[in-house]
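Remarks on the overall topology
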Amino acid sequence: MSEKVNINFSVNGDQETREAVVGQTLLKFIRDELHLTGTKEGCEIGECGACIVLLNGKPVNSCMVLAVELDGQELVTIEGLAKNGELDRIQQAFIDHAAFQCGYCTPGMIISARALLDRKPSPTDEDINEALSGNLCRCGAYQEIREAIKASSKK
Amino acid sequence: MLSYEYVKCTDLNQVFQLMDKGEQVYPLAGGTDLMVGMRGGKYAAKMLIDIKGLEELKVLKEDEKGITIGAAVTLNEITLFAPVQKNIPILADGCHSVGSYSIRNRATLAGNICNASPAADTAAPLCCLDASVNIVSSSGTRAVPIGEFFTGPGKTALQKGELVQSIFIPKPYPQAKGVYSKASRTGSVDLATVGVAVQSWGNQVRIAVGAVAPTPVRAVSVEKAVNEKGEKDWANAAKLVHNDISPITDLRGSREYRFHMVEVLVRRGLEQTMEV
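A few points about the overall build of chain B
Each helix and strand counted, chain B has twelve helices and 14 strands in total. Scaling as 2.2 N^0.38, a compact globule of 276 residues should have a C-alpha radius of gyration of about 19 Å, and chain B matches this with 19 Å. The principal-axis extent of the C-alpha atoms belonging to chain B is close to 55 × 45 × 30 Å. Residue burial in chain B is summarised as follows: out of 276 residues, 50% are buried. Sequence separation of at least 24 residues holds for 61% of the intrachain contacts in chain B that already meet a minimum separation of 6.

Below, the structure written as structure tokens:
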């Protein structure tokens, strides 16, 4: 008896109208309905950050948002960062600095890092620690991630 | 998938109608506690009413009486609000200690206190600032002092049909230093094993402690020694906190560890805020 609701939103710059099932998380909606599987499911309790996306420009844990709450909002996922086949500067920096091993945390990390650079183009180590406080990397690539963000900063 | 109704509310009257008539109706603002609680079986919601779009609840302002923080204002918005940073930085510290940056983009102050965890990071600072909770319902409004708002773990003074509209921090502000410090297993995301707020008010001090009793509590024994008896030996004063608490052993720490850490953090807080 799961109720469905029509929602209007923008995803990675495109306006969309879809049906969302009440009770479905934004994370499941992104992966199973929008078929954007770059956003990862990790802990599902807001602790790991693998599912972080930009909602109205701000990083949020999509496992803790309902799909129906997307109505009227602006969503950007990891797939929305590259423009015309060109990787975003921060994506290229992650590759250049080998800022991952398994890569599972990487979409969430890059989204958090992109949002940080948007609000603070020259972040300090402390700013980086705060911005990534909700992103866990179990391979332990934190140092390389920090270097990638620093390399993408405005000097 | 959990099944319930979802209503995006457009005004407070609609909120009251839905809350008055329904059972298991939960207000949804940031949802960061609610989502986890529903999945874990803590809440069996039949209806979620989304209140975060209501203008009345988005208020974040300072006027001649003090600072008002609406129920839909996020913790990151509070941390960045200049009058909070300038006048009551201890509350900014408390808000900043909750969860992680991405959680704080959704989580609200009202949600943190309504969840009523004994370990809520914002509760101890609010207890040091004489904050009050503005509650609304179809039958009117009432203000509850923060010290009377928490009635037990996960329990508050809210009655059926009532909604927290805002939290109010009155003037005069402390005009002195305050610190919120927290012992936890990890640097972010984890709940406090012990949380301690120490706020100087000139030659007086207010201290509130979290995660060491069924609700956040004031360390009245320590306050009395410092404020009334003129105790200046902070180590001696800090020991008295043991009279004010009743910690339990859980996965975050033992009762004994909490007794120890709360004393340490109270002593450090006194050292950092009270001049000698």
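Brief notes about the environment of C128 of chain B
Residue and element names in this part refer to chain B. When you line up the elements, C128 lands in helix 8 (residues 123-128). Each C-alpha atom of the pair C128 and R206 lies 5.4 Å from the other, and the pair is 78 residues apart in sequence. Among residues more than four places away in sequence, those in contact with C128 are I90, G178, A197, Q199, R206 and A208.

Some details on the environment of T39 of chain A
Residue and element names in this part refer to chain A. Here T39 is to be found in the loop between helix 1 (26-33) and strand 3 (52-55). Overall, the presence of 23 C-beta atoms within 10 Å leaves T39 in the buried class. Sequence separation between T39 and I111 is 72 residues; the distance between their C-alpha atoms is 9.8 Å. What T39 contacts, discounting residues up to four positions off in sequence, is L27, I30, R31, C51, V53, S62, T77, I78 and P107.

Observations regarding the interface of chain B and chain A
Interface size is commonly expressed as the accessible area that is lost once the parts come together. Counting residues at the interface gives 20 residues for chain B and 27 residues for chain A. At the level of secondary structure, the elements contributing two or more residues to the side of chain B that touches chain A comprise strand 1 (5-8), helix 2 (34-39) and helix 6 (101-104) of chain B. Along the lines of polarity and charge, the residues of the side of chain B that touches chain A split into nine nonpolar, eight polar and three charged.

Re the sheet that holds strand 2 (residues 25-28) of chain B
Residues and elements named next belong to chain B. Spatially, three strands are ordered 1-3-2 in an open sheet, and the strand pairing comes out parallel. The sheet terminates laterally at strand 1 and strand 2, the two strands that pair on one side only. The sheet shows a mean angle of 20° between the axes of neighbouring strands, taken without regard to direction. Of the pairings in the sheet, the one linking strand 2 to strand 3 (residues 47-50) comprises four bridges and is parallel in character. Note that in strand 3 the partner of P27 across the bridge is I49. Sitting on the sheet, helix 1 (residues 12-21) touches strand 1, strand 2 and strand 3, and the angle it makes with strand 3 is about 165°.

Focus on helix 1 of chain A
Residues and elements named next belong to chain A. Residues of helix 1 that are buried include every one of L26, L27, K28, F29 and I30, and no others. In this fold, the buried residues of helix 1 make contact with strand 2 (14-21) and strand 3. In the stretch just after helix 1, H35 is the one whose phi turns positive, near 55°.

Here's the deal with helix 5 (residues 89-96) of chain B
The buried fraction of helix 5 of chain B amounts to seven of the eight residues, a majority that puts the element mostly inside the structure. Turning to helix 5 of chain B, its buried residues number three or more, namely I90, L91, A92, D93, G94, C95 and H96 of chain B.

A short note on the domain arrangement of chain B
All names here are of chain B. Considered domain by domain, chain B is made up of domain 1 (5-50), domain 2 (55-170) and domain 3 (178-273). When each unit is reduced to the centre of its C-alpha atoms, the spacing between domain 1 and domain 2 is 18 Å. In this complex, domain 1 contributes eleven residues to the contact, which on the side of domain 2 involves 17 residues. A total of five residues in the side of domain 1 that touches domain 2 trace back to one element, the largest contributor, which is helix 1. Looking at the side of domain 1 that touches domain 2 residue by residue, the classes come out as six nonpolar, three polar and two charged.

Examining the confidence of the model for chain B
In the predicted model, chain B carries a mean pLDDT of 95, and the fraction of residues at 70 or more is 100%. What the predictor reports for the complex is a pTM of 0.95 with an ipTM of 0.96.

Things to note about the domain arrangement of chain A
Residues and elements named next belong to chain A. Domain parsing of chain A yields domain 1 (4-78) and domain 2 (89-151). One C-alpha centre belongs to domain 1, the other to domain 2; they are set 21 Å apart. Listed by partner, the interface residues are 14 residues for domain 1 and eleven residues for domain 2. Among the residues forming the side of domain 1 that touches domain 2, the class breakdown is eight nonpolar, four polar and two charged.

Looking at the nonpolar core
One finds I51, A197, V209 and V266 of chain B to be the most contacted residues of the largest nonpolar core, which totals 132 residues. For this core, the element with the highest residue contribution is helix 3 (residues 106-119) of chain A, accounting for seven residues. Apart from the residues within four sequence positions on either side, I51 of chain B is in contact with C9, V15, P27, L28, A29, L57, A71 and A72 of chain B.

Structural notes on the sheet that holds strand 3 of chain A
Residues and elements named next belong to chain A. Read across the sheet, five strands follow the order 2-1-5-3-4 without closing on themselves; strand pairing throughout is mixed. With one partner strand each, in any of the chains shown, strand 2 and strand 4 (58-61) form the two edges of the open sheet. Across the sheet, the mean angle separating the axes of adjacent strands is 45° when strand polarity is ignored. Relative to strand 5 (residues 74-76), strand 3 runs antiparallel, the two being bridged by two bridges. The partner of L55 across the bridge, within strand 5, is L75. Across the sheet, helix 3 touches strand 3 and strand 4, and the angle it forms with strand 3 is around 35°.

The rules behind the values
Along each chain, the written sequence defines residue order, and numbers are assigned to residues from 1. Labels follow written order: the first chain is A, the first ligand is 1, and so on. Totals for whole chains, interfaces and linings use all residues, but because this is a predicted model, local features are given only for residues with pLDDT of at least 70 and pairs of side-chain atoms are given and counted only at 80 or more. The helix and strand labels rest on DSSP assignments: H or I over at least four residues marks a helix, E over at least two residues marks a strand, and numbering proceeds from the N terminus. The atom set for the radius of gyration is the C-alpha atoms, and the globule formula is 2.2 Å times the number of residues raised to the power 0.38. Burial is judged by counting the other C-beta atoms within 10 Å of a residue's own C-beta: 20 or more makes it buried, 12 or fewer makes it exposed, and any count in between marks it as partly exposed, with every C-beta position built from the backbone. Remark: residues whose backbone-derived C-beta atoms lie within 7 Å of one another are considered to be in contact. When residues are sorted by character, Ala, Val, Leu, Ile, Met, Phe, Trp, Tyr, Cys and Pro go into the nonpolar class, Asp, Glu, Lys and Arg into the charged class, and all the rest, Gly among them, into the polar class. Pairing between strands requires that DSSP locate at least two bridges from one strand to the other. Here an axis means a line fitted to C-alpha atoms, over the contact stretch when the element is a helix, while the angle between two N-to-C directions is reported on a 0 to 180 degree scale. Residue ranges assigned to the domains are those given by an automatic or database domain assignment. Each residue carries a pLDDT score, the predictor's confidence in it, ranging from 0 to 100. Nonpolar core, as used here: buried Ala, Val, Leu, Ile, Met, Phe, Trp, Tyr and Cys residues forming one set through C-beta atoms within 7 Å.

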